[in-house]
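Tertiary structure, described
Residues per chain, in single letters:
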Number of protein chains: 2
Amino acid sequence: MPVLYHHTISAPSRFVRVCFSEVGFAAELVEEQPWEKRPDFLKINPAGTVPVCVTDNGHALCGPHIIAEWIDESFGVFKRDRRLLAEDPFQRAEIRRLVEWFLIKFEQDVVRPLVRERIIKLQLPTSQGGGSPDPKMLRAGRSNIRQHMKYLSWLAGSRAWLAGDRLSYADLAAASALSVMDYLGEIDWNEHPQAKDWYQRVKSRPSFRPLLADRVRNLPPVAHYADLDF
Amino acid sequence: MPVLYHHTISAPSRFVRVCFSEVGFAAELVEEQPWEKRPDFLKINPAGTVPVCVTDNGHALCGPHIIAEWIDESFGVFKRDRRLLAEDPFQRAEIRRLVEWFLIKFEQDVVRPLVRERIIKLQLPTSQGGGSPDPKMLRAGRSNIRQHMKYLSWLAGSRAWLAGDRLSYADLAAASALSVMDYLGEIDWNEHPQAKDWYQRVKSRPSFRPLLADRVRNLPPVAHYADLDF
């Protein structure tokens, strides 16, 4: 059975888990703590990042974009109107742009600093940078959230789904990234009703259910995290 | 005519210029200083990064991966043995992994800090962070180069081209990133003969010639930069 090395609170890992579920591809989940730089894991992915999918024939597919393209090439093309990438090359470009936006830019601006300060530092010994959150980093991450939420609201308000008329990788990437911030209670949904309506639709999909059951050690989610009517 | 917003010393921009040349796609080059955050440019690409290709029908293709996938979908598939992506899905995954490695990881670890310290800070007023290079940042970038050169040498020594038997996007991405560092004289080629042999082969391609003629204001390249027999 294929193996997916992932981490519960990694947005790109969550994205791949949802994609697998949407196309009906089963993989064994193995949790990896990428900050531990485990030598056997570095042999599989020298970049040391999750997610990585090792297929039955031993190929390592590293990173969310590469796994998503591979899923589309292997399964997506047969899905017709349930395909998560479009047929039109420019529509494909727009979907890929938004996947990058949420899994690279939103990740750098928001997810990485807040997850590091609020989750990873709790689990690391002081000698490796563990300790209490740095208020400056928290402020910077939170100020970035506001800008990103404005953009997300604009997308959600002007299109049926984020990249156009159909559910696509763009929605799954954005919702996966948002779900990590929502776990931590960092999203003020009342200020962004259009984004909330869109998130509610993605969150209600069966593919999203396992994410809502995820728990981080010593840090329960906010009360509304798994609630479909938040 | 399509327009390519690029910057001379941006590795992802160089990669796209070389790809265009390899497939025979012509675009008007417009130099953008992304750090100026020009409002009209942000309307085209809200992420504010180069390269961006605006096609004749007004579509904006943002970022090197998206442009490269679009080139492959539009022209590459007809190129047979000169295609820059492979036909096999796992081979495609390996090419994409290396493109990400050199245009995201090498970019973050090496190109961005060194270009910022050695080039951009020269052109910025002090009020916007201009000034002399920070020795700590230079040291960090240079120490990262050594690790990356070891990996590149391993790839170049164990395969005909970086991702396998054929020239691919992986070679063009890696060589574009290396060319920026080579402009600044940051690569010690004598220590890495296998990487040097590979770079010499890519550097000798007609598609690479325009890059070797590029010049940064007030900062000439090292003597061997444009030399094919360095």
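Here, the structure is the one placed above.
The shown structure was predicted, so the numbers you read here are calculated from the model rather than taken from an experiment.

**Brief notes about the interface of chain A and chain B**
Size of an interface, as often reported, equals the accessible area lost when the parts are brought together. Every contact between the two is made by 24 residues of chain A and, on the other side, 24 residues of chain B. Between chain A and chain B, the buried area comes to about 2,200 Å², and carbon and sulfur atoms account for 66% of it. Taken together, chain A and chain B are joined by six salt bridges. In this structure, arginine 96 of chain B and glutamate 69 of chain A form a salt bridge, with 3.8 Å as the shortest nitrogen-oxygen distance. Put simply, chain A and chain B have six residue pairs in polar contact (both at pLDDT 80 or more) between them. Of all elements in the fold, only β4 (60–62), α3 (64–74) and α4 (89–123) of chain A reach the threshold of two or more residues within the side of chain A that touches chain B. With 11 residues, α4 of chain A is the largest single contributor of residues to the side of chain A that touches chain B.

**Observations concerning the relation of the copies chain A and chain B**
When chain A is brought onto chain B, the operation consists of a screw motion whose angular component is 180 degrees and whose axial shift is 0.0 Å, with 0.0 Å RMSD remaining. What the superposition gives is, in effect, a two-fold axis relating one chain to the other. A share of 100% of the interface residues of chain A reappears at the interface of chain B, consistent with the copies meeting face to face through the same patch.

**Considerations on the pairing of strand β1 (residues 3–6) of chain B**
Residues and elements named next belong to chain B. By the alternation rule, side chains of β1 split into Val3 and Tyr5 and Leu4 and His6, which are all buried. Here β1 runs beside strand β2 (residues 28–31); their pairing, made up of four bridges, is parallel. By the bridge assignment, leucine 4 is partnered in β2 with leucine 29.

**Some words on the sheet that holds strand β1 (residues 3–6) of chain A**
All names here are of chain A. Taken in spatial order, the four strands line up as β2-β1-β3-β4 in an open sheet, and their pairing is mixed. With one partner strand each, in any of the chains shown, β2 (28–31) and β4 form the two edges of the open sheet. Averaged over all neighbouring strand pairs, the angle between strand axes comes to 20 degrees, with direction disregarded.

Criteria and thresholds
- Residues numbered from 1 in each chain as written.
- Chains lettered and ligands numbered in written order.
- Predicted model: local features only at pLDDT ≥ 70, side-chain atom pairs only at ≥ 80, totals over all residues.
- Heavy atoms only, no water.
- Contact = heavy atoms within 4.5 Å.
- Buried area = accessible area lost by both parts, 1.4 Å probe.
- Salt bridge = Lys/Arg side-chain N within 4 Å of Asp/Glu carboxyl O.
- Polar contact = N/O pair within 3.5 Å; in protein donor to acceptor, adjacent residues only side chain to side chain.
- Helix = DSSP H or I, 4+ residues; strand = E, 2+ residues; numbered from the N terminus.
- Least-squares fit on C-alpha atoms with pLDDT ≥ 70 in both.
- Buried < 20%, exposed > 50% of the residue type's maximum accessible area, 1.4 Å probe, protein only.
- Pairing = 2+ DSSP bridges.
- Axes fitted to C-alpha atoms, helices over the stretch in contact; angles between N-to-C directions.

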